[in-house]
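Now for the letters of each chain:
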Amino acid sequence: MATTTKIHARALLRASGGPRYAIALAVDALGTGLLRPFLLLYGVMVLRLSASATGIAMTAGIVVGLVCMPAVGRWLDRGARSTVVAASMLLRVLGVALLLAAPAGHVWLFATAALFLGIGNQAWPAAHAALVATVAHGRERDAALAGGRALRNAGLGTGALLATACLTGGTTALQALAAVTGLAYLAAAALAWSVRLRAHPAAVTAKGGASGPAPRMRALLAANVVYVFCLNVPEIAVPLVLVTQLHASPLWSAAIFVANTVLVVALQVPVTVLMSRFSRRTVLALAGVVLAASYLGFLAATSPEHRWSAPAVAAVSVVCAIGEIIYAGSATALVTALAPSPVLGRALSRFQLSTGFGLAVSPAVMTSLASHGPAALWGSLAASTLLSASAVATEKDQGTQLSDSRPPGESELVNSAAARGVDRGALP
């Protein structure tokens, strides 16, 4: 099994899609950070909608975005790559334009805007993973996916900080943020489209790729629904426990969220590279163990309420962030390794369905469990995550191809584009 033990910045950049694509990711993430955390506030403050109507419209956008994922998978399996990425960004441009055009009190225009934003947000991860999987190979692809996540988190965090600083301007500031977000999405879409990357399914199949249905990955997809709860722990579970149960200052929640973002940006690539000496499935199972241990740590920190509870929660949050980093560096990489090239899009769309579903239900599940006390919340999360890790570890990879090894004579990062049926077009 080939492993990646060193990070070469230039090679990593090329494996991630090239300089222009990296700039597109950064601009897109910055724009997303400016608006997405404050979309609810936009509906309430700018459009004068009720909080419940705004929340329902946003949830509907997420659900419809998930429903569209099978179509996105089929589009990817016809060879589209950068076009799908650009399309996901353009859909969000349309969503922002509808936000700006919506008059106060017009819930249906807001709902339509949330719909386009939701479809774009759900389509982007699968399209991005498919593009990187087409450019890079083996463990270098894993590092490239990790690099993309680190870059995206940096952009999201920067955008959110800028937006927070601007919120003192009230509704005018929110409208300005929306306008800048739309321009950022438009610029990112143009950059992504200019990469002009396609895969030719017929050529890939001729080189030995299996065709037919996408791998089912039932245990992996079911486990992923539970795993993705970790992504909402710093945003929902930890603030909820700190403020409502431990009566700590909200500043603790903000500090933990910022620390989580910094850790992901700084450690996502190094940790993914370090873990490349093990199989992806083993690493994903290990992520579940680390996350479960952090949940038990939260339980220990919050059960006896004392003055050290908030610092203890902050310390355990670091362990949770490490588990999240290990999970994020192995989950999508495992799917891209399991799926034969001709059905990669459908496999990634199924994975995104499980991710989106987990993210959609986790707030309701966590708030419901938290109402019954720390043991119900953290104990249930720990038990279900351990069960999911066990399912991941024991699932058999039947009828799939795990591309961990590097063929003789392969370059540092990727096989010849022609050998893999890739049309790079303008890709630098």
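Scroll up to find the structure this text is about.
Here the structure is a predicted model, which means the values were calculated and not measured. (Residues numbered from 1 in each chain as written. Predicted model: local features only at pLDDT ≥ 70, side-chain atom pairs only at ≥ 80, totals over all residues. Heavy atoms only, no water.)

### Focus: the overall build of the protein
Thinking step 1. Helix and strand counts for the protein stand at 17 helices and 2 strands.
Thinking step 2. Counting every position in the protein, which comprises 428 residues, the buried fraction comes to 53%.
Thinking step 3. Contacts spanning at least 24 positions in sequence make up 86% of the contacts within the protein whose residues lie at least 6 apart. (Helix = DSSP H or I, 4+ residues; strand = E, 2+ residues; numbered from the N terminus. Buried < 20%, exposed > 50% of the residue type's maximum accessible area, 1.4 Å probe, protein only. Contact = heavy atoms within 4.5 Å.)

### With respect to the packing of aromatic side chains
The geometry of an aromatic ring pair comes down to the distance between the two centres and the angle between the two planes.
Thinking step 1. Across all of its chains, the model carries 3 aromatic pairs by this definition.
Thinking step 2. Of the aromatic side chains, those joined through ring pairs into one cluster are Tyr295, Phe298 and Trp378.
Thinking step 3. The cationic tip of arginine 92 hangs over the ring face of tyrosine 185; the distance from NZ or CZ to the ring centre is 4.8 Å.
Thinking step 4. In this structure, arginine 152 packs its charged tip against the face of tryptophan 124, placed 4.3 Å from the ring centre. (Phe/Tyr/Trp six-rings, centres within 6.5 Å; stacked < 30°, edge-to-face > 60°. Lys NZ or Arg CZ within 6 Å of the ring centre and 35° of its normal.)

### Examining unusual backbone geometry
Thinking step 1. If you check the backbone angles, methionine 217 has positive phi at about 50 degrees while not being a glycine.
Thinking step 2. Mapping methionine 217 onto the fold places it in the loop between helix H10 (201-206) and helix H11 (218-227).
Thinking step 3. When its relative accessible area of 7% is taken as the criterion, methionine 217 is described as buried.
Thinking step 4. Even without being glycine, histidine 247 reaches a positive phi, approximately 55 degrees.

### Structural notes on the packing of helix H6 (residues 82-101) against helix H7 (residues 107-135)
The packing of two helices is summarised by the inter-axis angle and the distance between the axes.
Thinking step 1. In the contact formed by H6 and H7, the axes pass within 8 Å of each other and the chain directions differ by 160 degrees. Classified by the interaxial angle, the pair formed by H6 and H7 is roughly antiparallel. Read as a crossing pair, H6 and H7 show a hand that is left-handed.
Thinking step 2. Of the residues assigned to the contact of H6 with H7, the class counts are 19 nonpolar, 7 polar and 1 charged. (Axes fitted to C-alpha atoms, helices over the stretch in contact; angles between N-to-C directions. Parallel < 35°, antiparallel > 145°, perpendicular 65-115°, else oblique. Left-handed = near helix turned anticlockwise from the far one by under 90°. Nonpolar A, V, L, I, M, F, W, Y, C, P; charged D, E, K, R; others polar.)

### Brief notes about helix H15 (residues 309-338)
Thinking step 1. Between its terminal C-alpha atoms H15 stretches 42 Å, which fits the 44 Å expected from 30 residues at 1.5 Å a residue.
Thinking step 2. The element H15 is largely enclosed, with a buried count of 21 among its 30 residues. (Expected span 1.5 Å × (residues − 1).)

### So, the nonpolar core
Thinking step 1. Membership of the largest hydrophobic core comes to 90 residues, with the highest contact counts inside it found for Tyr227, Val233, Tyr295, Phe298, Tyr327 and Trp378.
Thinking step 2. Every residue in contact with tyrosine 327, bar those within four places of it in the chain, is listed here: Asn224, Tyr227, Val228, Cys230, Leu284, Ala287, Phe351 and Thr355. (Core = buried A, V, L, I, M, F, W, Y, C linked by side-chain atoms within 4.5 Å.)

### As for the pattern of salt bridges
Thinking step 1. Scanning the entire structure with this criterion turns up 7 salt bridges.
Thinking step 2. Put simply, arginine 139 and aspartate 142 hold a salt bridge, and the shortest N to O gap is 3.4 Å. Of this pair, arginine 139 and aspartate 142 both sit in helix H8 (residues 138-166), 3 residues apart, which is roughly one turn of that helix. Aspartate 142 shares its class with arginine 139; the two are buried.
Thinking step 3. Notably, a salt bridge pairs aspartate 142 with arginine 280, separated by 2.8 Å at the nearest N-O pair. (Salt bridge = Lys/Arg side-chain N within 4 Å of Asp/Glu carboxyl O.)

### Brief notes about the side chain of asparagine 260
Thinking step 1. Its place among the elements puts asparagine 260 in helix H13 (residues 250-274).
Thinking step 2. Apart from residues no more than four positions distant in its own chain, asparagine 260 is found in contact with Pro234, Ala321 and Glu324.

### Section: the packing of H11 against helix H16 (residues 344-370)
Thinking step 1. Contact geometry for H11 and H16: axes closest at 7 Å, N-to-C directions at 30 degrees. Taken together, the axis directions place H11 and H16 in an arrangement best described as roughly parallel. Considering only the axes of H11 and H16, their crossing is right-handed. Only Arg350, Phe351, Ser354, Thr355, Phe357 and Gly358 of H16 make contact with H11, whose side of the interface consists of Leu221, Asn224 and Val225.

### Describing a nonpolar patch on the surface
Thinking step 1. Together, Phe257, Val258 and Val262 give the surface a local cluster of nonpolar side chains, amounting to about 250 Å² of exposed area.
Thinking step 2. As for its position among the elements, phenylalanine 257 is in helix H13.
Thinking step 3. Owing to a relative accessible area of 36%, phenylalanine 257 belongs among the partly exposed residues under this scheme. (Patch = residues over 30% accessible without salt bridge, like charges linked within 9 Å, V, L, I, M, F, W, Y side chains within 5 Å. Areas by Shrake-Rupley, 256 points an atom, 1.4 Å probe, with all protein chains shown as cover.)

### Quick word on the side chain of serine 349
Thinking step 1. Here serine 349 shows up in helix H16.
Thinking step 2. We classify serine 349 as buried; its relative accessible area is 3%.
Thinking step 3. Those residues in contact with serine 349 that sit more than four places away from it in its chain are Met69, Pro70, Gly73 and Ala126.

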